[in-house]
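Structure assessment
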Amino acid sequence: MGQAEDAVYVIKVISGFCALWATALSLNLVYKHARNYTIPKLQRPIMRIILMIPIYAIASFLALMFRHQALYFDFVRDCYESYVIYQFFLLLINYFDGEESLIRILRSKPKMGHPSPFCFLPKFPVGQKFLRICKLCVLQFAFFKPLLTAIAIPMMLTGVFHEGEFIPNGGYLWITMLYNISITVSMYFLLLFFMAIKDNIAPLRPVPKFFAIKTIIFFSFWQGVAISGLKFFHVFNSIAADLSGQTAEKDPALVEATVAAITVGLQDALICVEMFIISIIHIKVFGYDDYRNPNKEAFLRSIIAGRFREAASPIITSIRDAMHPKHDIDATRVTIAPFVEDVQNSKFVTAIKKWDLPLDSFPGSSFMETTKTSSSPKPDVVIEVESEEKFDDHDFEDVTESDSLIEK
């Protein structure tokens, strides 16, 4: 093996070691929270945020080892990134005793200004509308990021993505721009919401949690952009020539493919190392000390006493509750429902109603009906709608004829 091949082997070994330890430390922290599952509304998003470490580490290591399937492993990693940002937002909201309590607290606060460099913008009131806008702007990244990744995959497979090349006819430039817009909007409104409630959530110590998540996002994206910039300036060409055994003049296609593999592999290797470091930080930032259950029995003692089922059952129940998707579905429904209602009450939908088109076929209509039924059902309105009948001109003529017969 040449020097370049030896270096690749060492990088893979180090990456595997870091990914293994990062996964072990994070899963152990999730287990500790499950053993001390005393405040589910807070520990539920915390446990999901912690799982970001093993998902990132395992996906990045598998992408490093199986570079031809790296595209799909990176897709899983990127989707979970947007999900974690929304979970952190829910963590901040769940700290309060319900959304109504949070709205009362927001309304009691004075008008708030924008942070730098947008401090020149006028101040705005914080209340229910502010909370609703923040929810939508944070949630849009959770939908937009997987969509962008799904669009990028066929571009890569067809060779029109041109990763690392900032050219107008390549998909990489436009996907990167749209990603930046989406995540900037999401993080900015998350910051605005954090600024509005920072005094009320001080016991939660949100600042280190926020920076721990932001660090992962920074490493996963901006270092990828930096590596792509190095590729753009042909920094990896000499390494690629050594690995492929060919020069760019003799076999440019092989050298270019090797450069692309180095770009993706370096990003995955760095993420494995960074996840190990951040997993250690998470033990302090997302620790379980504030949620300790003083009444629980030591797990090992329960096993020795032959009570394994009694000891494992609460842990399994806690993990099942923390990972159940119903909580995310309910939170998303509450977030989107007012927006869907505004759309249905808009002039566009009113015009559609005049043409007597079936609104049930439009996206969000059944979703809205489910939300209304589950939150505040109105039987009088339902009965009135169900009993409503439509008559045409012929029906009215029949009624008129029957009335005349009755009179005779």
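Before any of the text, the structure's been laid out above.
So, a few notes on the structure that sits alongside this text. Because the structure is predicted, anything quoted here is derived from the model rather than measured. (Residues numbered from 1 in each chain as written. Predicted model: local features only at pLDDT ≥ 70, side-chain atom pairs only at ≥ 80, totals over all residues. Heavy atoms only, no water.)

Turning to the overall build of the protein, a few remarks are in order. Helix and strand content of the protein: 17 helices and zero strands. Counting over 408 residues, the protein shows a buried share of 39%. Here the contacts in the protein between residues at least 6 apart in sequence split such that 76% fall between residues at least 24 apart. As presented, the protein carries roughly 23,700 Å² of accessible surface, and 65% of it is formed by carbon and sulfur atoms. (Helix = DSSP H or I, 4+ residues; strand = E, 2+ residues; numbered from the N terminus. Buried < 20%, exposed > 50% of the residue type's maximum accessible area, 1.4 Å probe, protein only. Contact = heavy atoms within 4.5 Å. Areas by Shrake-Rupley, 256 points an atom, 1.4 Å probe, with all protein chains shown as cover.)

To continue, consider the nonpolar core. Residues Phe 130, Leu 190, Phe 193, Ile 197 and Met 275 are the most contacted members of the largest nonpolar core, which totals 74 residues. If one sorts the elements of this core by residue count, helix α7 (residues 171-197) sits on top with twelve residues. Aside from chain neighbours lying at most four places away, what touches Phe 193 is Phe 89, Leu 92, Ile 93, Leu 102, Phe 130, Leu 131 and Cys 134. (Core = buried A, V, L, I, M, F, W, Y, C linked by side-chain atoms within 4.5 Å.)

Our next topic: the packing of helix α5 (residues 99-107) against helix α6 (residues 128-158). Two elements in contact, α5 and α6, have axes separated by 8 Å at closest approach and are oriented at 115 degrees. Across the interface between the two elements, Glu 99, Leu 102, Ile 103, Leu 106 and Arg 107 of α5 pack against Gln 128, Phe 130, Leu 131 and Lys 135 of α6. (Axes fitted to C-alpha atoms, helices over the stretch in contact; angles between N-to-C directions.)

Moving on, we get to the packing of aromatic side chains. In this structure the tally under the stated criterion is twelve aromatic pairs. Note on Phe 161 and Tyr 172: the rings are 5.7 Å apart at their centroids and 90 degrees apart in plane angle, and the pair reads as edge-to-face. Here the residue Phe 161 occupies a position in the loop between α6 and α7, and Tyr 172 occupies one in helix α7, the gap between them amounting to eleven residues. The class of Tyr 172 is buried, set by a relative accessible area of 7%. What links up through ring pairs into an aromatic cluster is the set Phe 88, Phe 194, Phe 210 and Phe 211. (Phe/Tyr/Trp six-rings, centres within 6.5 Å; stacked < 30°, edge-to-face > 60°.)

Below, the discussion takes up the packing of helix α2 (residues 40-50) against helix α3 (residues 52-65). Between α2 and α3, the shortest axis-to-axis distance is 4 Å and the interhelical angle comes to 15 degrees. On the basis of their axis angle, the class for α2 and α3 is roughly parallel. Contacts between α2 and α3 pair Arg 48, Ile 49 and Ile 50 from the former with Met 52, Ile 53 and Pro 54 from the latter. (Parallel < 35°, antiparallel > 145°, perpendicular 65-115°, else oblique.)

As enumerated under the stated definition, the model contains one cavity of 30 Å³ or more in all. What the largest cavity holds in volume is close to 30 Å³. Considering the residues around the largest cavity, the lining is formed by Ile 85, Phe 88, Met 187, Leu 190, Phe 210, Ile 213 and Lys 214. Among the elements of the structure, α4 (70-94), α7 and α8 (206-232) are those that each provide at least two residues to the lining of the largest cavity. Broken down by element, the lining of the largest cavity gets its largest block of residues, three residues, from α8. Among the residues forming the lining of the largest cavity, the class breakdown is six nonpolar, no polar and one charged. (1 Å grid on protein atoms, 1.4 Å probe; cavity = no way out; pocket = protein on both sides within 12 Å on 5 of 7 lines; lining within 4 Å. Points joined across faces, edges and corners; volume = space filled by probe spheres on them. Nonpolar A, V, L, I, M, F, W, Y, C, P; charged D, E, K, R; others polar.)

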